[in-house]
Amino acid sequence: LRDNVALNSGDDNLWTEELDYYLNTKIGNYYQNGTLQSGSTTVSSTLGTYNTQTKEARFTDQVFVTDTAYNIESKDLGYNTESKMMRFFDSTVVTNESSVLHTAQGVYDSKNQIAHFTTRSSILNQEQYIEGDTLNYDKQTGLGNAIGGVIVLDTAQKSTLYCGKAFYNDKLKTLLAIEKPVLKRVDNNDSLYVRADTFYSAHYIMTTDTL
């Protein structure tokens, strides 16, 4: 199909200028820019393939995802329009109202807001930066962990934590670090290093009583 092509499958709508559609497999491929809309999520890319039976789509080359909750820029991304599961196969940046995530490989369940990244990845929010070889995060519970060469930067406290594993609670603002953790604190031009078996930090609010 050529020129102003529209493919509709249930709640999914695909628009492109050129589409090769295989009737036996129900798979459509486009090669010169296309846009797939599924609910509140819109994905555009230079190259793409979409299976109307399995609802699996694969987007490559200048992939942009827009949604009410997040935006994604990627080089290679897989997406199931039914399960809302995303798979990252190359450099990807995910941004929302409170954080920026960098990864190159992993899975993101956008329906349940659960992430699992299996290559060197990082998360930056207003107060903290976390980097590790593996990152896991559940936005609904606020629980996450980082494994392998973990680096945690606290901009407010001007500190850097290095460890093998870190477990954090984004809602309670707590962090537990194990496996040879080392804390670096910077004060003017001086740096203080502290080693321990375990580090634990929590958000502390000072209150005053008025008589």
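Colleague: Describe the overall build of the protein, naming the residues involved and giving the relevant values.
Modeller: Along the backbone of the protein there are 0 helices and 23 strands. Scaling as 2.2 N^0.38, a compact globule of 211 residues should have a C-alpha radius of gyration of about 17 Å, whereas the protein reaches 22 Å, well beyond that. Overall size of the protein, expressed as C-alpha extent along the three principal axes, is 70 × 45 × 30 Å. The burial tally for the protein puts 39% of its 211 residues in the buried class. Contacts in the protein between residues at least 24 apart in sequence constitute 27% of all its contacts with a sequence separation of at least 6. With 18 positive and 26 negative side-chain charges, the protein shows a spacing of 5 Å between the two charge centroids.

Colleague: Which residues make up the side chain of Lys-55, and what values do they have?
Modeller: Tracing the chain through its elements places Lys-55 in the loop between strand S7 (47–51) and strand S8 (56–66). With relative accessibility at 15%, the residue Lys-55 sits in the buried group. Polar side-chain contacts of Lys-55 include one of 2.9 Å to the side chain of Ser-9. In contact with Lys-55, not counting residues within four places along its chain, are Ser-9, Asp-12, Tyr-50, Tyr-79, Asn-80, Thr-81 and Glu-82.

Colleague: Would you mind going over unusual backbone geometry in detail, with residue names and values included?
Modeller: Even without a glycine there, the phi angle at Lys-26 is positive, about 65 degrees. Classification of Lys-26 as partly exposed rests on a relative accessible area of 30%. Its identity as a non-glycine residue notwithstanding, Asp-61 has a phi of 70 degrees, on the positive side. Within the fold, Asp-61 resides in strand S8.

Colleague: Which residues make up a nonpolar patch on the surface, and what values do they have?
Modeller: A grouping of Tyr-22, Tyr-31 and Leu-47 is seen on the molecular surface, where their side chains present a nonpolar patch of about 280 Å² in accessible area. Assessed through its relative accessible area of 33%, Leu-47 is described here as partly exposed.

Colleague: How would you sum up the environment of Gln-140? Please name residues and give values.
Modeller: With respect to the element layout, Gln-140 can be found in the loop between strand S17 (134–138) and strand S18 (143–154). Gln-140 sits in the partly exposed class, given a relative accessible area of 45%.

Colleague: Hey, could you go over the environment of Glu-97 for me, with residue numbers and the actual values?
Modeller: Looking at the element boundaries, Glu-97 is found in the loop between strand S11 (92–95) and strand S12 (99–103). Judged by its relative accessible area of 71%, Glu-97 is exposed. Glu-97 sits 33 residues away from Phe-64 along the chain, and the two C-alpha atoms are 17 Å apart.

Colleague: Provide a residue-level description of the pattern of salt bridges, including the pertinent values.
Modeller: Tallying each qualifying case throughout the model produces 8 salt bridges. In this structure, Arg-120 and Glu-131 form a salt bridge, with 2.9 Å as the shortest nitrogen-oxygen distance. On the criterion of sequence distance, the pair formed by Arg-120 in the loop between strand S14 (114–117) and strand S15 (121–125) and Glu-131 in strand S16 (residues 128–132) is long-range, its members being 11 residues apart. For Arg-120, a relative accessible area of 34% translates into the label partly exposed. Residue class for Glu-131 comes out buried when judged on its relative accessible area of 18%. Of the charged contacts, one joins Lys-173 and Asp-170 as a salt bridge, the two residues approaching to 3.6 Å between their closest N and O atoms. We classify Lys-173 as partly exposed; its relative accessible area is 40%.

Colleague: Could you give an account of the pairing of S18, naming the residues involved and the relevant values?
Modeller: Across 4 bridges, S16 lies against S18 in antiparallel orientation. Paired with Gln-128 across the bridge in S18 is Asp-154. Taken together, the 5 bridges between S17 and S18 define a ladder with antiparallel strand orientation. When the sheet's bridge partners are listed, Asn-136 is paired in S18 with Asn-145. What sits between the antiparallel neighbours S17 and S18 is a turn of 4 residues, in which Gly-142 has the positive phi angle 80 degrees. Pairing analysis gives 10 bridges linking S18 to strand S19 (residues 159–169), with the strands arranged antiparallel. Within the sheet, the bridge partner assigned to Asn-145 lies in S19 and is Phe-167. Taking the residues between adjacent antiparallel strands as the criterion, S18 and S19 are bridged by 4 residues, where Lys-158 takes a positive phi near 55 degrees.

Calculation notes
- Residues numbered from 1 in each chain as written.
- Predicted model: local features only at pLDDT ≥ 70, side-chain atom pairs only at ≥ 80, totals over all residues.
- Heavy atoms only, no water.
- Helix = DSSP H or I, 4+ residues; strand = E, 2+ residues; numbered from the N terminus.
- Rg over C-alpha atoms; globule rule 2.2 N^0.38 Å.
- Buried < 20%, exposed > 50% of the residue type's maximum accessible area, 1.4 Å probe, protein only.
- Contact = heavy atoms within 4.5 Å.
- Lys, Arg positive; Asp, Glu negative; His and termini not counted.
- Charge placed at Lys NZ, Arg CZ, Asp CG, Glu CD.
- Polar contact = N/O pair within 3.5 Å; in protein donor to acceptor, adjacent residues only side chain to side chain.
- Patch = residues over 30% accessible without salt bridge, like charges linked within 9 Å, V, L, I, M, F, W, Y side chains within 5 Å.
- Areas by Shrake-Rupley, 256 points an atom, 1.4 Å probe, with all protein chains shown as cover.
- Salt bridge = Lys/Arg side-chain N within 4 Å of Asp/Glu carboxyl O.
- Pairing = 2+ DSSP bridges.

Nothing here speaks to function; it is geometry throughout.
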